[in-house]
Amino acid sequence: MDDVALCADTTAGWHASWLNALGLRSERRDSVWRAVDSPPFIYWTAITLAADASASAVCDAYGTVCDAWSALDLAPFGFESRDRDGFEERAREPWFVRAAGELAAAERPSDLEIVRVSTPAEVVEFEDVSVRGFGGEEASVEAGTFHPASILADARMTMLTGRVGGNAVAAAMSYRGDDAVGIYGVTTIASARGRGYASALTRPLIDPSLPAVLSPSPEAESLYRRLGFEQVGELRQWQRAGPTEKLDRR
């Protein structure tokens, strides 16, 4: 499996796990992973799993499609090339891979407590700080909107919350695929950034026995390079607005 395929396959597994926890279906078919039922907007609705996946395999999708090799032209089908905030110039994002191997030792920030999420109440806390990290410190959603407590049944998913003074300020998670560990959702609330919390949460998610994959924001690229990640490819996000009802493909 080449490096981009490794990224796409692991990320599809992460998506499938969350959709399953939400009671939504997904499938792998025609070199594509796709949501069968419409998911919350933070999740992709389709991911290409092979460089030769065809546009016809995703052209009827709605929401955000991950063109993992930046190989498709979905504009003729009504899609726009944009990131999830609507910026065309950020529609392309890098895939990063870290080869299996030990991490160099590093000190954790002395004020940071790292909590491995294991109870429904901790899932609620995790989701809350994740939403505030990505959406602004006043952002909120109803508990379980994106990250329901039912995810605790999936042993492949690990969620970490970072607390300072008993208050959640950061979050990160990983999904253990068959061939790699994918790292996702690393975030820190705005008022707590620049103190090393994101790096401290990422490090315990890395399994030295397996490659690690992720797709960083431009602001986080240097952080991950310091942890040994290198860019191996580039994905492209395609968006198309559409119905929010369930997409029954049975």
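Residues numbered from 1 in each chain as written. Predicted model: local features only at pLDDT ≥ 70, side-chain atom pairs only at ≥ 80, totals over all residues. Heavy atoms only, no water.

**Let's talk about the overall build of the protein chain**
What counts is decided by this rule: Starting at the N terminus, helices and strands are each numbered in turn, a helix being any DSSP run of H or I of at least four residues and a strand any DSSP run of E of at least two. Based on C-alpha atoms, the radius of gyration is set beside the globule rule, defined as 2.2 Å times the residue count to the power 0.38. Note on classification: 1.4 Å probe, protein chains only; a residue is buried when its accessible area is under 20% of the maximum for its type, exposed when over 50%, partly exposed between these limits.
In terms of helices and strands, the protein chain carries 4 helices and 12 strands. Here the protein chain has a C-alpha radius of gyration of 18 Å; the compact-globule value for 250 residues is 18 Å, and the two agree. Viewed in the frame of its principal axes, the protein chain has a C-alpha envelope of about 55 × 35 × 35 Å. In the protein chain, buried positions account for 50% of the 250 residues.

**Remarks on the pattern of salt bridges**
What counts is decided by this rule: Put simply, a salt bridge is a Lys or Arg side-chain nitrogen that is within 4 Å of an Asp or Glu carboxyl oxygen.
Applying the stated rule across the entire model yields 13 salt bridges. The shortest N-O distance in the salt bridge between Arg 34 and Asp 60 comes to 3.0 Å. With Arg 34 in strand E2 (residues 32–35) and Asp 60 in the loop between strand E3 (46–48) and strand E4 (63–67), this pair connects stretches of sequence that are 26 residues apart. According to the relative accessible area criterion, Arg 34 is buried, its value standing at 5%.

**Quick word on helix H2 (residues 120–135)**
Note the following rule: One fewer than the residue count of a helix, multiplied by 1.5 Å, yields its expected span.
An ideal rise of 1.5 Å per residue puts 22 Å on 16 residues; H2 measures up with 22 Å between its terminal C-alpha atoms. Where H2 is concerned, the buried positions are Glu 122, Val 123, Glu 125, Phe 126, Glu 127, Val 129, Ser 130, Val 131, Arg 132 and Gly 133. Looking one or two residues past H2, Gly 136 carries a phi angle of roughly 105 degrees, positive in sign.

**Brief notes about the nonpolar core**
Applied cut-off: By nonpolar core is meant a set of buried Ala, Val, Leu, Ile, Met, Phe, Trp, Tyr and Cys residues that side-chain atoms within 4.5 Å join together.
Core analysis: the largest hydrophobic core is formed by 63 residues, its most contacted members being Trp 18, Met 159, Ile 183, Tyr 224 and Phe 229. For this core, the element with the highest residue contribution is helix H1 (residues 3–21), accounting for 9 residues. If you look at the next biggest cluster of nonpolar residues, it comprises 12 residues, including Val 32, Ala 46, Ala 57 and Ala 61.

**As for the confidence of the model for the protein chain**
Counted only if it meets this: The quantity called pLDDT is the predictor's confidence in a given residue, expressed from 0 to 100. Any two residues having at least one pair of non-hydrogen atoms within 4.5 Å are treated as being in contact.
On average, residues of the protein chain carry a pLDDT of 94, and 96% of them reach 70 or more. Counting contacts from residues 244–250, a segment whose pLDDT is below 50, to residues more than four positions away or on other chains yields 18 contacts.

**What to know about H1**
The condition is simple: The definition of a polar contact used here is a pair of N or O atoms within 3.5 Å, where within protein one atom must be able to donate a hydrogen and the other to accept one, and adjacent residues in sequence count solely through side-chain atom pairs.
In this model, H1 (19 residues) spans 28 Å end to end at C-alpha, consistent with the 27 Å of a helix rising 1.5 Å per residue. Among the 19 residues in H1, 15 count as buried, and that is most of the element. Two or three places before Val 4, at the start of H1, stands the capping residue Asp 2, its side-chain oxygen 3.0 Å from that residue's backbone nitrogen. Just past H1, the residue Gly 23 takes up positive phi, approximately 80 degrees.

**Quick notes on the side chain of His 15**
With respect to the helices and strands, His 15 occurs in helix H1. Since its relative accessible area comes to 2%, His 15 is described here as buried. Not counting the four nearest positions on each side in its chain, His 15 is found in contact with Trp 33, Tyr 43, Trp 44 and Ile 47.

**Some points on the packing of aromatic side chains**
As a reminder of what qualifies: Whether two aromatic rings pair depends on their centres lying within 6.5 Å, for rings of Phe, Tyr and Trp, where Trp uses its six-membered ring; planes under 30 degrees apart make the pair stacked, over 60 edge-to-face, and the rest tilted.
In this structure the tally under the stated criterion is 4 aromatic pairs. Note on Trp 14 and Tyr 184: the rings are 4.6 Å apart at their centroids and 25 degrees apart in plane angle, and the pair reads as stacked. Here Tyr 184 lies in strand E10 (residues 181–188) and Trp 14 lies in helix H1, a separation of 170 residues in the sequence. Note on Trp 14: relative accessible area 8%, which makes it buried.

**Some thoughts on unusual backbone geometry**
The backbone of Ser 31 sits at a positive phi, close to 60 degrees, despite the residue not being glycine. Here Ser 31 lies in the loop between strand E1 (26–29) and E2. Judged by its relative accessible area of 35%, Ser 31 falls in the partly exposed class. Phi is positive for Ser 70, close to 50 degrees, though the residue is something other than glycine. With respect to the helices and strands, Ser 70 occurs in the loop between E4 and strand E5 (80–81).

**Examining the pairing of E1**
This is how it is decided: Two strands pair under a simple rule: DSSP has to find at least two bridges between them.
Direction of pairing for E1 relative to E2: antiparallel, over a ladder of 4 bridges. Pairing of Ser 26 across the sheet is with Ala 35, part of E2. Between E1 and the antiparallel strand that follows it, E2, lie 2 residues; Asp 30 among them carries a positive phi value of about 55 degrees.

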